[in-house]
Amino acid sequence: MKVRVRVSMLTALLAVAALVAIPGPARAATAGDVVSAQPTTVYLLPGKVLEVPVNAWHVLYRSTSATGAANTVSGTLLVPKSAYPAGARPIIGYAVGTHGLGDQCAPSVSMREGREAELALISLFLLKGFAVAVTDYEGLGTPGQHTYMAGISQGHAVLDSIRAATRIPAAGLSARAPVAVMGYSQGGASAGWAAQLQPSYAPELRLRGVAAGGVPADLRDVALHLDGSPNFGLAAAAGVGLDAAYPELDLEADLNERGRALLADAADDCVGELGKLAGLRFADLTTRDLLNQPKWVARMNENRLGALPPRVPMFLYHARGDEIIPHAVGAELRAEYCAAGVTTRWASLPAQNHVAGAVEGGPLAIEWLTLRLLGLPALSDC
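What you see is a predicted model; the values in this text were computed from it and never measured.

J.: Just to check I follow, could you spell out the layout of surface pockets for this structure?
T.: In this approach a probe as big as a water molecule rolls over the atoms, and the regions it shows empty are the leftover space. Taken as a whole, the largest pocket encloses approximately 1,000 Å³ of empty space. Every residue lining the largest pocket is counted, 45 residues in all, and those nearest its centre are Gly-97, Thr-98, Ser-185, Val-271 and His-354. If you list the elements that add at least two residues to the lining of the largest pocket, you get helix H3 (119-127), helix H6 (219-226), helix H7 (232-245), helix H10 (294-302) and helix H12 (354-373). Element by element, the count of residues in the lining of the largest pocket is highest for H7, at six residues. For the lining of the largest pocket, a count of residues per class yields 31 nonpolar, eleven polar and three charged. In this structure, the second largest pocket spans a volume of roughly 200 Å³. Around the second largest pocket, the lining residues are Gln-145, Val-240, Asp-243, Ala-244, Leu-251, Glu-252, Leu-255, Arg-260, Leu-263, Ala-264 and Ala-267. Among the elements of the structure, H7 and helix H8 (257-266) are those that each provide at least two residues to the lining of the second largest pocket. Class assignment of the residues belonging to the lining of the second largest pocket gives a composition of seven nonpolar, one polar and three charged.

Put into structure tokens, the structure is as follows:
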């Protein structure tokens, strides 16, 4: 009798244990995981004027630095309120152009405050019913220095913003949805890196095409072009950004007293404030020839687009009168992709300056990407 009682009690305990969820080891955080997603409101004009009629979230998500370390990046997810077939709403990874180095410059901030110029293009995607994930990039809107123009970090941030978008339950987006990426200037480099990195870094994303305009594909060539120009501040900011991404560069050690003061002052500036560095040269700020120093050359080459061909169709566009990113830099990237067999469409635009190139080329890029998302084949003009 005692044996039977003990057996019955053991059976009962096992039955209870089967009903109780016993937690196993926690899943390790992975790139694209959502840290937080808070509802936000986006405006087209300052003063909270013209609210964009979308569901929007300010998102913190996991990503990966240029050196492979785990980090946390912020961004904004915009989802139209219009109906769309379940699981089929396309997702755009939108990479913004240069906003600056300070957290107040982040696109998530400028959208909340109604001063985000690129919403004009983003809205064209929203009107089509597409969701748009807009990354702030590493260190812009989160602790730490913005790794401006560290293309590998920027490409990771774009791809992980798309992953994060599919992991916000309230957004109703599918991990199997068709995906496209677009960007201009800094965003063009980010889009190009997203295209190149996607097969190895985010192979599960159903990437259909990438549009990249005004692409600073070769950082050294662009830096040489900007040295002493009215837009030298952009080259100096890139030096600050690469130094943040790669600590061994130790930029401060190679700056003279004037350089340390000027770059410390510019380290939290937005793009409109970088004009204070107009006309300067690297030689005015440094004690060494940075652009020919091996450690700088190595990191700039590492972040040079073109060596790793994307596996998706590419739409590249560049203004012939671009005063910031030479037209020849964009044309060279197109030539390298063509030589590698990438399906590439090229638009050499009549625009007379860098900003005009974004205005002229943006709608063309959006329509080209829309056709890719609809499943139409891309044609190459290589």
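The discussion continues.
J.: I keep staring at the pattern of salt bridges and nothing clicks. Help me out?
T.: Where side chains of opposite charge bring their charged atoms close, a pairing between them can arise. For the structure on display, the rule yields 15 salt bridges. For Lys-295, the salt bridge is made with Asp-254, and the minimal N-O distance between the two is 3.9 Å. With Lys-295 in helix H10 and Asp-254 in the loop between H7 and H8, this pair connects stretches of sequence that are 41 residues apart. Here Lys-295 falls in the partly exposed class, since its relative accessible area comes to 28%. Among the ionic pairs, Lys-276 bridges to Asp-265, the shortest N-O distance being 2.7 Å. Here Lys-276, found in the loop between H8 and helix H9 (282-285), pairs with Asp-265, found in helix H8; they are eleven residues apart in sequence, far enough to count as distant. When its relative accessible area of 40% is taken as the criterion, Asp-265 is described as partly exposed. Through salt bridges with shared partners, a single ionic network connects Asp-160, Arg-163 and Glu-204.

J.: What is the right way to read the environment of Leu-333 from this model?
T.: Mapped onto the elements of the fold, Leu-333 is located in helix H11 (residues 327-339). As a C-alpha pair, Leu-333 and Asp-218 span 115 residues in sequence and 8.6 Å in three-dimensional space. Apart from the residues within four sequence positions on either side, Leu-333 is in contact with Val-215, Ala-217, Leu-305, Gly-306 and Leu-316.

J.: What am I meant to see in unusual backbone geometry here?
T.: Leaving glycine aside, a negative phi is the common case for residues, and trans is the common case for peptide bonds. Positive phi, normally seen in glycine, also occurs at Lys-48, with a value near 55 degrees. Mapping Lys-48 onto the fold places it in the loop between strand E2 (43-45) and strand E3 (49-51). The backbone of Ser-185 sits at a positive phi, close to 65 degrees, despite the residue not being glycine. Relative to the helices and strands, Ser-185 resides in the loop between strand E8 (178-184) and helix H5 (186-201).

J.: Quick question: what am I supposed to make of the nonpolar core here?
T.: For soluble globular proteins, nonpolar side chains are generally found buried alongside one another. Residues Leu-77, Leu-78, Tyr-94, Phe-125 and Met-182 are the most contacted members of the largest nonpolar core, which totals 114 residues. For this core, the element with the highest residue contribution is H7, accounting for nine residues. Apart from the residues lying within four places of it in its own chain, the contact partners of Tyr-94 are Glu-118, Leu-121, Ile-122, Phe-125, Val-132, Ala-133, Val-134, Thr-135 and Met-182. One finds Ala-106, Val-109, Leu-140 and Cys-270 within the second-largest nonpolar core, a separate group that totals five residues.

J.: I'm lost on the pairing of E8 in this one. Help?
T.: Consecutive side chains of a regular strand alternate in pointing toward one face of the sheet and then the other. The element E8 is largely enclosed, with a buried count of seven among its seven residues. The side-chain alternation of E8 yields two buried faces, one formed by Pro-178, Ala-180, Met-182 and Tyr-184 and the other by Val-179, Val-181 and Gly-183. Inspection of the sheet shows strand E6 (residues 91-95) paired to E8 by five bridges, in the parallel sense. Looking at E8, one finds that Gly-93 is bridged to Val-181. In this view, the connection linking E8 to its parallel neighbour strand E9 (residues 206-213) by way of H5 has right-handed handedness.

J.: Just to check I follow, could you spell out the packing of helix H4 (residues 151-165) against H5 for this structure?
T.: Packed helix pairs are specified by the crossing angle of their axes together with the interaxial distance, meaning the distance between the axes. Two elements in contact, H4 and H5, have axes separated by 7 Å at closest approach and are oriented at 70 degrees. With respect to each other, H4 and H5 are oriented roughly perpendicular. Contacts between H4 and H5 involve Gly-151, Ile-152, Gln-154, Gly-155, His-156, Val-158, Leu-159, Asp-160 and Arg-163 from the first element and Gln-186, Ser-190, Trp-193, Ala-194, Leu-197, Gln-198 and Tyr-201 from the second. Its residues placed into classes, the contact of H4 with H5 shows seven nonpolar, seven polar and two charged.

J.: Looking at this structure, how should I read the sheet that holds E9?
T.: In a beta sheet, neighbouring strands are held together by backbone hydrogen bonds and run either parallel or antiparallel to one another. Taken in spatial order, the nine strands line up as E1-E4-E5-E7-E6-E8-E9-E10-E11 in an open sheet, and their pairing is mixed. Both outer strands of the open sheet, strand E1 (34-40) and strand E11 (344-349), are each paired with one neighbouring strand and no more. Neighbour-to-neighbour, the strand axes of the sheet open up by a mean angle of 20 degrees, direction not taken into account. Alignment of E6 against strand E7 (residues 131-135), held across four bridges, turns out to be parallel. Across the sheet, residue Ile-91 finds its bridge partner in E7, namely Ala-131.

J.: Is there a simple way to explain the packing of aromatic side chains in this structure?
T.: Centre-to-centre distance and the angle between the planes together describe a pair of aromatic rings. Considering all chains together, one arrives at five aromatic pairs under this definition. Consider the rings of Phe-315 and Tyr-317, whose centres lie 5.5 Å apart with planes at 35 degrees: the pair is tilted. Taking the relative accessible area as the measure of exposure, Tyr-317 reaches 2% and is therefore buried. Each member of the aromatic cluster is reached from another via a ring pair, and the members are Tyr-184, Phe-315, Tyr-317 and Trp-368.

The rules behind these values
- In this convention, every chain numbers its residues from 1, walking through the sequence in written order.
- Local features in a predicted model are, by the rule used here, given only for residues with pLDDT of at least 70; side-chain atom pairs are given and counted only at 80 or more, and totals for whole chains, interfaces and linings are based on all residues.
- To get the side-chain values, all heavy atoms of the structure are used, and hydrogens and water are removed first.
- Detection works on a 1 Å grid of protein atoms alone, calling trapped sets that fit a 1.4 Å probe cavities and calling open sets with protein on both sides within 12 Å along at least five of seven lines pockets, with lining residues defined by an atom within 4 Å of a point.
- Grid points are joined across faces, edges and corners, and a volume is the space filled by probe spheres set on the points.
- Only DSSP runs of H or I covering at least 4 residues are called helices, and only runs of E covering at least 2 are called strands; the numbering of each starts at the N terminus.
- Asp, Glu, Lys and Arg are counted as charged, while Ala, Val, Leu, Ile, Met, Phe, Trp, Tyr, Cys and Pro are counted as nonpolar; the rest, among them Gly, fall into the polar class.
- For salt bridges, the criterion is a side-chain nitrogen of Lys or Arg within 4 Å of an Asp or Glu carboxyl oxygen.
- The rule is simple: take the accessible area with a 1.4 Å probe, protein chains only, and divide by the maximum for that residue type; under 20% is buried, over 50% is exposed, in between is partly exposed.
- In this analysis, two residues are considered to be in contact whenever any of their non-hydrogen atoms come within 4.5 Å of each other.
- Working definition of a nonpolar core: buried Ala, Val, Leu, Ile, Met, Phe, Trp, Tyr and Cys residues. They are joined through side-chain atoms within 4.5 Å.
- Whether two strands pair comes down to DSSP finding at least two bridges between them.
- When the strands point away from the viewer, a crossover counts as right-handed if the route from the first strand across the helix to the second turns clockwise.
- Throughout, an axis means a line fitted to C-alpha atoms (over the contacting stretch in the case of helices), and angles, computed between N-to-C directions, take values from 0 to 180 degrees.
- Oblique is the label for any angle not covered by the other classes, which are roughly parallel (under 35 degrees), roughly antiparallel (over 145) and roughly perpendicular (65 to 115).
- Any pair of Phe, Tyr and Trp rings, taking the six-membered ring for Trp, is counted once the centres come within 6.5 Å. Such a pair is stacked with planes under 30 degrees apart, edge-to-face with planes over 60 apart, and tilted for the rest.

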